[in-house]
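# Survey of secondary and tertiary structure
Residues per chain, in single letters:
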Amino acid sequence: MAAALRVAVAGARLSVVVRNLRGAGRSLCTQPVSVNERIENKRQAALLGGGQRRIDAQHKRGKLTARERISLLLDPGSFVESDMFVEHRCADFGMAADKNKFPGDSVVTGRGRINGRLVYVFSQDFTVFGGSLSGAHARKICKIMDQALTVGAPVIGLNDSGGARIQEGVESLAGYADIFLVRNCSKRIKEPSVSCILTWLCHHVTTFSETELSGIFWFQDTSYLFITGPDVVKSVTNEDVTQEELGGARTHTTMSGVAHRAFENDVDALCNLREFFNYLPLSNQDPAPVLECHDPSDRLVPELDTIVPLESTKAYNMVDIVHAVVDEREFFEIMPNYAKNIIVGFARMNGRTVGIVGNQPKVASGCLDINSSVKGARFVRFCDSFNIPLITFVDVPGFLPGTAQEYGGIIRHGAKLLYAFAEATVPKVTVITRKAYGGAYDVMSSKHLCGDTNYAWPTAEIAVMGAKGAVEIIFKGHENVEAAQAEYIEKFANPFPAAVRGFVDDIIQPSSTRARICRDLDVLASKKVQRPWRKHANIPL
């Protein structure tokens, strides 16, 4: 119901924008007689971008224009545009002609508000040279990034571009480098940067730019991102591949892990982008956002007492546990279709934004592998960068075995997740729901990695490995294997060995999990950790 209401409101706002653009086209004057009229005519020309014909073509492809997207994303009337009169300076290949000069060039930049919170935004205009990046285009983007850095506000980029503007050659490439520098070196992840990929084609240096963002949202069927296109792939490797197969939504949300979410259309993506933004602080100097909460923090969740099957080999859905524990059962999952054996995303506990990490027993029994380790590590580091507390739900039988994993570097990639949890200084609460075996137990925000509060449910099994594998090693050649296995289960397949050593702080009833976590987060809200100064961390990349 809420989603339908958001779409209806967005549709009403969009119709107003379209009417304004049509009015701008009718009032465009070709014979200005004064400075004021010249200014007004330039403004009207900027509002039309590449012209009404190209706007209509954009709509026929099922896509909104750059300005329509900004109107949907930001609060009504809050957008303040900057550099509307900027034009490119290229004179080669006929670019100096008046017909190739467009006020604002191929990007709309400025600032506005989302639910009253400040944000800077740039939206590439596909109706002007296919949204290609010129020197002027890049300078506009760098300018708002610098402004965002000055005031401590996030940047959202709505990308609809064919990449570098060929006519400008190296100046366009220099523009990309300038954006990389501002985004990665000067900003030092001070503010969140979010990108929405809306384009027909993004390739070469554009691709590197997008992969360094805090979040990438994608459009199905119309968005493509790759280093080299199908034609180049064919000429170099003789592979026949389509744009969708090479760099489409399915590729980047299920196989490469480049994109975080994919959506049906502009309206769906921008509504979800607004929701995602509400979970984030404005900068790394701000605490995690806290909203008014109508879900009691001491609410008991009786269904959790029976959610873990009695058979340790039987799967269950970790997302069900997350929904039961968090405020209003609302969980904004990140990368839901990639490395499904681990779940990550944002939720709220007693109104406070938290990051959720959890093993997914429904997929590969919740084993950690290369992709899930990288997915989890990046999310943990993002939360730590922006003061978002971490809640970890553990049911992990170990790292996935096999030559593919070993040859792919599971040791190195698995260490990324371990490093991320160890390095994180935000509040960390861990709940072991069932299995916590081997090195994977250590990796998943254990007490040994400075977890602040670590709980175990009565169903928890904390051991070096499962009973069957352990018995085969310890009691090899033993006559009564079943008795030996029962002995091992009695000794290790329960939470007591860890509890008596202080490796878990308490064994709790599952139904009390929400209340315990909310209380812990209140206490940990003032947590401060001082680390020795260093130039940068040396995560095992």
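Residues numbered from 1 in each chain as written. Predicted model: local features only at pLDDT ≥ 70, side-chain atom pairs only at ≥ 80, totals over all residues. Heavy atoms only, no water.

## Overview of the overall build of the protein
Looking only at helices and strands, one finds 20 helices and 17 strands in the protein. Within the protein, buried positions represent 53% of all 541 residues. Within the protein, residue pairs in contact and separated by at least 24 positions form 74% of the contacts whose partners lie at least 6 positions apart. Carbon and sulfur atoms form 55% of the exposed surface of the protein, whose accessible area is close to 24500 Å². (Helix = DSSP H or I, 4+ residues; strand = E, 2+ residues; numbered from the N terminus. Buried < 20%, exposed > 50% of the residue type's maximum accessible area, 1.4 Å probe, protein only. Contact = heavy atoms within 4.5 Å. Areas by Shrake-Rupley, 256 points an atom, 1.4 Å probe, with all protein chains shown as cover.)

## Here's the deal with unusual backbone geometry
One non-glycine residue, Asn350, lies in the positive phi region at around 55°. Within the secondary structure, Asn350 is located in the loop between β11 (342-349) and β12 (352-359). Using a relative accessible area of 27% as the deciding quantity, one classes Asn350 as partly exposed. Phi at Ser365 is positive, roughly 60°, even though this residue is not glycine.

## Remarks on the packing of aromatic side chains
Inspection of every chain in the model, using the stated rule, returns 10 aromatic pairs. For the ring pair Tyr279 and Phe346, a centre distance of 6.1 Å and an interplane angle of 25° mean the geometry is stacked. Of this pair, Tyr279 sits in the loop between α11 (266-277) and α12 (318-325) while Phe346 sits in strand β11, placing them 67 residues apart in sequence. For the pair Tyr279 and Phe346, one class covers both residues: buried. Pairing Phe382 with Phe386 gives two aromatic rings, centres 5.0 Å apart and planes at 55°, and the pair type is tilted. Since its relative accessible area comes to 2%, Phe386 is described here as buried. Following the ring pairs from residue to residue traces out a cluster consisting of Phe276, Tyr279, Phe332, Phe346, Phe379, Phe382 and Phe386. The ring of Phe126 carries Lys63 above its face, with NZ or CZ at 4.5 Å from the centroid. In this arrangement the basic side chain of Arg348 is found over the ring face of Tyr279, its NZ or CZ atom lying 4.2 Å from the centre. (Phe/Tyr/Trp six-rings, centres within 6.5 Å; stacked < 30°, edge-to-face > 60°. Lys NZ or Arg CZ within 6 Å of the ring centre and 35° of its normal.)

## Focus: the environment of Gln124
Examined against the element boundaries, Gln124 turns out to sit in strand β3 (residues 117-124). With 58 residues separating them in the primary sequence, Gln124 and Ala66 have C-alpha atoms 5.9 Å apart. Those residues within four positions of Gln124 in sequence are excluded, and the remaining contacts are Ala66, Arg69, Ser106, Val107, Gly131, His137, Leu158, Asn159, Asp160 and Ser161. Here the side chain of Gln124 touches Asp160 through a polar contact of 3.1 Å, landing on its backbone nitrogen. (Polar contact = N/O pair within 3.5 Å; in protein donor to acceptor, adjacent residues only side chain to side chain.)

## Things to note about the packing of helix α17 (residues 467-474) against helix α18 (residues 481-492)
At their nearest, the axes of α17 and α18 sit 9 Å apart, and the two run at 120° to each other. With respect to each other, α17 and α18 are oriented oblique. Every pair of crossing elements has a handedness; the one defined by α17 and α18 is right-handed. The segment α17 lies against α18, with Ala467, Lys468, Ala470, Val471 and Ile474 engaging Val481, Ala484, Gln485, Tyr488 and Ile489. Tallied by class, residues from the contact of α17 with α18 come to eight nonpolar, one polar and one charged. (Axes fitted to C-alpha atoms, helices over the stretch in contact; angles between N-to-C directions. Parallel < 35°, antiparallel > 145°, perpendicular 65-115°, else oblique. Left-handed = near helix turned anticlockwise from the far one by under 90°. Nonpolar A, V, L, I, M, F, W, Y, C, P; charged D, E, K, R; others polar.)

## Quick notes on the packing of helix α4 (residues 66-73) against α11
Each pair of packed helices can be summarised by the angle the axes make with each other and by the distance between the axes. Two elements in contact, α4 and α11, have axes whose closest approach is 9 Å; the angle formed by their N-to-C orientations is 40°. Between α4 and α11, the interaxial angle falls into the category oblique. Viewed along their axes, α4 and α11 form a crossing whose handedness is right-handed. The residues of α11 that touch α4, namely those facing Arg69, Leu72 and Leu73, are Asp266, Val267, Leu270, Leu273 and Arg274.

## Quick notes on the nonpolar core
Inside soluble globular proteins, nonpolar side chains tend to come together where they are buried. Residues Leu73, Ile156, Phe346, Val357, Leu390 and Ile432 are the most contacted members of the largest nonpolar core, which totals 62 residues. Among the elements that line this core, the one with the most residues is α11, at seven residues. If you count residues domain by domain, this core takes at least three from each of domain 1 (47-279) and domain 2 (302-460 + 504-524). What Val357 contacts, discounting residues up to four positions off in sequence, is Ile342, Ile343, Val344, Phe379, Val380, Leu390, Ile391, Thr392, Phe393, Phe421 and Met444. (Core = buried A, V, L, I, M, F, W, Y, C linked by side-chain atoms within 4.5 Å. Domains from an automatic or database assignment.)

## Quick look at a nonpolar patch on the surface
Taken together, the side chains of Val35, Ile39 and Phe85 present a nonpolar region at the surface, about 260 Å² in accessible area. If you trace the backbone, Phe85 turns up in the loop between β1 (80-82) and β2 (107-114). According to the relative accessible area criterion, Phe85 is partly exposed, its value standing at 41%. (Patch = residues over 30% accessible without salt bridge, like charges linked within 9 Å, V, L, I, M, F, W, Y side chains within 5 Å. Salt bridge = Lys/Arg side-chain N within 4 Å of Asp/Glu carboxyl O.)

## Looking at the pattern of salt bridges
Note on pairing: side chains with opposite charge can pair once their charged atoms come close. All told, the structure shown has 20 salt bridges when counted by the stated rule. One salt bridge in this structure joins Arg165 and Asp105, with 3.2 Å as the shortest N-O distance. On the criterion of sequence distance, the pair formed by Arg165 in the loop between β4 (155-159) and α6 (170-186) and Asp105 in the loop between β1 and β2 is long-range, its members being 60 residues apart. The pair formed by Arg165 and Asp105 is uniform in burial state, with each residue classed as buried. Two residues, Glu423 and Arg381, come together in a salt bridge whose shortest N-O distance is 2.5 Å. Pair noted here: Glu423 is in helix α15 (residues 410-423) and Arg381 is in helix α13 (residues 370-385), with a separation of 42 residues, a long-range link.

## Examining the pairing of β12
Across the eight residues of β12, eight count as buried, placing the element largely inside the fold. Going residue by residue along β12, you find Arg352, Val354, Ile356 and Gly358 tucked away on one face and Thr353, Gly355, Val357 and Asn359 tucked away on the opposite face as well. As judged from the eight bridges shared by β11 and β12, these two strands associate in the antiparallel manner. Looking at the pairing, Phe346 lines up with Gly355 of β12. Where β11 folds back on β12, the antiparallel hairpin that results is connected by two residues, among which Asn350 adopts a positive phi of roughly 55°. Strand direction decides the pairing type here: β12 and strand β13 (residues 390-396), joined by four bridges, are parallel. Note that in β13 the partner of Gly355 across the bridge is Leu390. With α13 bridging β12 and the parallel β13, this β-α-β connection has right-handed handedness. (Pairing = 2+ DSSP bridges. Right-handed = clockwise from strand over helix to strand, strands pointing away.)

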